[in-house]
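Report on the structure
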Amino acid sequence: MGERKRIPLGIFAVLLFISASSFQFLCATEDAEDAIFYESFDEDFEDRWIVSQKEEYSGVWKHAKSEGHDDHGLLVSEKARKYAIVKELDEAVSLKDGTVVLQFETRLQNGLECGGAYIKYLRPQDTGWKSKEFDNESPYSIMFGPDKCGPTNKVHFIFKHKNPKTGEYVEHHLKNPPSVPSDKLTHVYTAILKQDNEVQILLDGEQKKKANFLSADDFEPPLIPTKTIPDPDDKKPEDWDEREKIPDPIAVKPDDWDEDAPLEIVDEEAEKPEGWLDDEPEEIDDPEATKPEDWDDEEDGEWEAPKVENPKCEAAPGCGEWKRPMKSNPAYKGKWYAPLIENPAYKGIWKPRDIPNPAYFELKKPDFEPIAAIGIEIWTMQDGILFDNILIAKDDKIAESYRETTWKPKFSVEKEKQKEEEAEAGSSGIAGFQKKVFDLLYKIADIPFLSAYKPKIHDLIEKGQEQPNLTVGILVAILVVFVSIFFRIIFGGKKQPTKVEKTNVESSTTNKKSVENVENEENKEKEESSSSAPARRRSIRREN
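Criteria and cut-off values
- Residues numbered from 1 in each chain as written.
- Predicted model: local features only at pLDDT ≥ 70, side-chain atom pairs only at ≥ 80, totals over all residues.
- Heavy atoms only, no water.
- UniProt positions renumbered as here; feature names shortened; annotations may be inferred.
- Helix = DSSP H or I, 4+ residues; strand = E, 2+ residues; numbered from the N terminus.
- Buried < 20%, exposed > 50% of the residue type's maximum accessible area, 1.4 Å probe, protein only.
- Contact = heavy atoms within 4.5 Å.
- Areas by Shrake-Rupley, 256 points an atom, 1.4 Å probe, with all protein chains shown as cover.
- Salt bridge = Lys/Arg side-chain N within 4 Å of Asp/Glu carboxyl O.
- Pairing = 2+ DSSP bridges.
- Disulfide = S-S within 2.5 Å.
- Expected span 1.5 Å × (residues − 1).
- Bend = angle between axes of the 7 residues up to and from the residue.
- Polar contact = N/O pair within 3.5 Å; in protein donor to acceptor, adjacent residues only side chain to side chain.
- Core = buried A, V, L, I, M, F, W, Y, C linked by side-chain atoms within 4.5 Å.
- Patch = residues over 30% accessible without salt bridge, like charges linked within 9 Å, V, L, I, M, F, W, Y side chains within 5 Å.
- Lys, Arg positive; Asp, Glu negative; His and termini not counted.
- Charge placed at Lys NZ, Arg CZ, Asp CG, Glu CD.
- Phe/Tyr/Trp six-rings, centres within 6.5 Å; stacked < 30°, edge-to-face > 60°.

The chain has the name Calnexin homolog in an unreviewed UniProt entry, where Phaseolus coccineus is given as its organism. Per its UniProt entry, the chain bears the Sequence similarities (unreviewed entry) comment "Belongs to the calreticulin family." The UniProt entry for the chain carries this comment under Subcellular location (unreviewed entry): "Endoplasmic reticulum membrane".

Structure (structure tokens):
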């Protein structure tokens, strides 16, 4: 029997994409009837979307194909620009009743070093904004999507909520949001707002975060304010004493306490080591140095050879004039201070009294403002950001169907192409290992108890990714950093060494101020001793 011919993976992926695209058209047509809003960008956007006419938004939007596909999207075409574009909905979408799903695709075709790729879901225009004047101040209900620049690397989920007591709109940020994928593939972002106050954040259909709108642990600041606040008008009484301990007013300095005794004295018992070379200097003229040909004695002065270490001193205990070393002075006590005693007038650390919070309110569900328009208002240093398949639906099953028919076929082709490119470049070994490590590091950075270290961790990962010749050793070093942070959190930081004060039994009555005085005396003595040492001659030329 003849050998079966294998279909190349690339051709198989293309056939799969063509088949899926046909299926996609049929399914998307059926699902479109169930969607509240859907924008595929298959046709030019100019007759449906309104570009902001504000002067600062000079970035040019384009109707363009995604690289390697026939599928079109809304393209950020220029670097270092502000972009703003908006689409008014036929009907405002309520966020109060039932499930609402927000979903869209982005592809960072040239990567994302600094910029946003998020969407704003805007409030009705009767709140004081116009589509042609859409800008950063236009009021929104929800902002959702990737944002990355410097220490910022997160998939934002922000909602604005009106405080029923004050009438003020407060911006609430999701705590510990997931990170932005670091590749150049198409990714789909999904936010599912449920009737039970739960919100789920999905990346490529996989749940990355689940939170509750009413939980203080999930949003900053919390949606529901605290019941009490410190009284801003409360002032600390003038006679309030916060000193826990005070110097003993009846303590008297002992008669034998010598504050002038030096910290160190000459060790009279020390003896010069045998073999010490008294007549040999520590440095000698460099025997190999020669006077430069262009040296002018009149302009440059008398030439002197540079100094080098005396080779005869290497085998000897020392060279030059021997002097007895210094040792700690047993009679040293330092400046005397009265010992500390409990303060009889101590009242504790003062803080203002708590009063009822005038902004406090209670509710069972967030009072979201409706969505009347969809806007993209971003600033980015990168071009090549492509938005596609923007969806608002009332059922997460509808969003899942769109992911299967519009996103997954493209992602599969891109993923396969990425593997082929890595194989052709001969980088399937270390590059593949690197990618797995970086993916793991990003997941570790998303762990809630590491949130305080997240910006530094992301900065470290990004520096590693910028080095194409990154070795396994460096990757292991990054992992060691994670382990160090983990152990520091679990076991606490290193204990600081206890300072041992050089003093006798009588000096044990001194307080913390005497420790500072000892340190000042030590620094002073060291400066004096260092200033008495002979200065070494370093110069080659002399100044006129």
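**Structural notes on the overall build of the chain**
In terms of helices and strands, the chain carries seven helices and 25 strands. A total of 544 residues make up the chain; the buried ones form 39% of that total. For the chain, restricting intrachain contacts to residue pairs at least 6 apart in sequence, the fraction spanning at least 24 positions comes to 75%. Within the structure as shown, the chain displays about 33000 Å² of accessible surface, and the carbon and sulfur contribution to it stands at 51%.

**Some remarks on the pattern of salt bridges**
Tallied over the full model, the rule gives 24 salt bridges. Here Asp-367 ties to Lys-96 by a salt bridge, and the two come within 2.5 Å at their closest N and O atoms. With Asp-367 in the loop between strand E23 (354-356) and strand E24 (371-380) and Lys-96 in the loop between strand E5 (81-93) and strand E6 (100-108), this pair connects stretches of sequence that are 271 residues apart. Relative accessible area serves as the criterion here: at 40%, Asp-367 is assigned to the partly exposed category. Within this structure, Asp-71, Glu-105, Asp-388 and Lys-410 form a network of salt bridges that share partners.

**Considerations on the pairing of E5**
Note: strand E2 (residues 50-51) against E5, two bridges, orientation antiparallel. If you follow Val-51 over to E5, its bridge partner there is Ile-85. With nine bridges connecting them, E5 and E24 associate as antiparallel partners. The residue bridging Lys-82 from the neighbouring strand is Trp-379, located in E24.

**What about the state of the cysteines?**
Per the stated rule, a full pass over the model turns up two disulfides. Sulfur-sulfur distance for the disulfide between Cys-313 and Cys-319 comes to 1.9 Å. Because the torsion about its S-S bond is -125 degrees, the bridge between Cys-313 and Cys-319 counts as left-handed. The class of Cys-319 is buried, set by a relative accessible area of 6%. For the chain, the disulfide bridges join cysteines in the arrangement 1-2, 3-4, where the cysteines are counted in sequence order.

**Notes on helix H3 (residues 396-424)**
The end-to-end C-alpha distance of H3, which contains 29 residues, comes to 40 Å, matching closely the 42 Å that a straight helix rising 1.5 Å per residue would cover. Of all bends in H3, the biggest is about 45 degrees, found at Trp-407, and the proline Pro-409 comes one to four residues later. Near the N-terminus of H3, the side chain that reaches the backbone nitrogen of Lys-397, with its oxygen 2.9 Å away, is that of Asp-395.

**Quick notes on the nonpolar core**
Most often, soluble globular proteins have nonpolar side chains that are buried together. Tyr-121, Phe-144, Phe-157 and Phe-387 are the most contacted members of the largest nonpolar core, which has 57 residues in total. With six residues, E5 is the single largest residue contributor to this core. Contacts of Phe-144, omitting those with residues within four sequence positions, involve Leu-102, Phe-104, Tyr-118, Ile-119, Tyr-121, Val-155, His-156, Phe-157, Tyr-189, Thr-190, Ala-191 and Ile-201. Core analysis: the second largest hydrophobic core is formed by nine residues, Ala-35, Val-101, Ile-192 and Ile-398 among them.

**Looking at a negative patch on the surface**
On the surface, Asp-42, Glu-43, Asp-44 and Glu-46 cluster together to form a negatively charged patch. Of note, Asp-44 is situated in the loop between strand E1 (37-39) and E2.

**Quick look at the side chain of Asn-153**
By secondary structure assignment, the location of Asn-153 is in strand E10 (residues 152-162). A distance of 2.9 Å separates a polar atom in the side chain of Asn-153 from the backbone nitrogen of Val-180. For Asn-153, the contacting residues outside a window of four places in its chain are Asp-147, Lys-148, Pro-178, Ser-179, Val-180, Tyr-442, Lys-454, His-458 and Glu-462.

**Examining the pairing of strand E9 (residues 140-149)**
In terms of burial, E9 is largely enclosed, as nine of its 10 residues are buried. Alignment of strand E7 (residues 114-116) against E9, held across three bridges, turns out to be antiparallel. Considered in E9, the bridge of Gly-115 is made with Lys-148. Note: E9 against E10, eight bridges, orientation antiparallel. Note on E10: the bridge partner recorded for Pro-146 is Val-155.

**Considering the packing of aromatic side chains**
A complete count under the given rule lists 17 aromatic pairs for this structure. Seen in terms of ring centroids, Phe-157 and Phe-213 are 6.2 Å apart; in terms of plane orientation they differ by 40 degrees. Their pairing is tilted. With Phe-157 in strand E10 and Phe-213 in the loop between strand E14 (206-212) and strand E15 (219-220), the pair connects residues that are 56 residues apart, well separated along the chain. Of the aromatic side chains, those joined through ring pairs into one cluster are Trp-61, Tyr-83, Phe-104, Phe-144, Phe-157, Phe-159, Tyr-189, Phe-213, Phe-219, Phe-368 and Phe-387.

**Details of the environment of Leu-203**
Along the chain, the position of Leu-203 falls in strand E13 (residues 198-203). Distance in space between the C-alpha atoms of Leu-203 and Gln-103 is 9.9 Å, their sequence separation being 100 residues.

**A few points about the environment of Glu-404**
Among the secondary structure elements, Glu-404 is positioned in helix H3. The sequence separation of Glu-404 and Asp-204 amounts to 200 residues, and the corresponding C-alpha distance is 9.9 Å.

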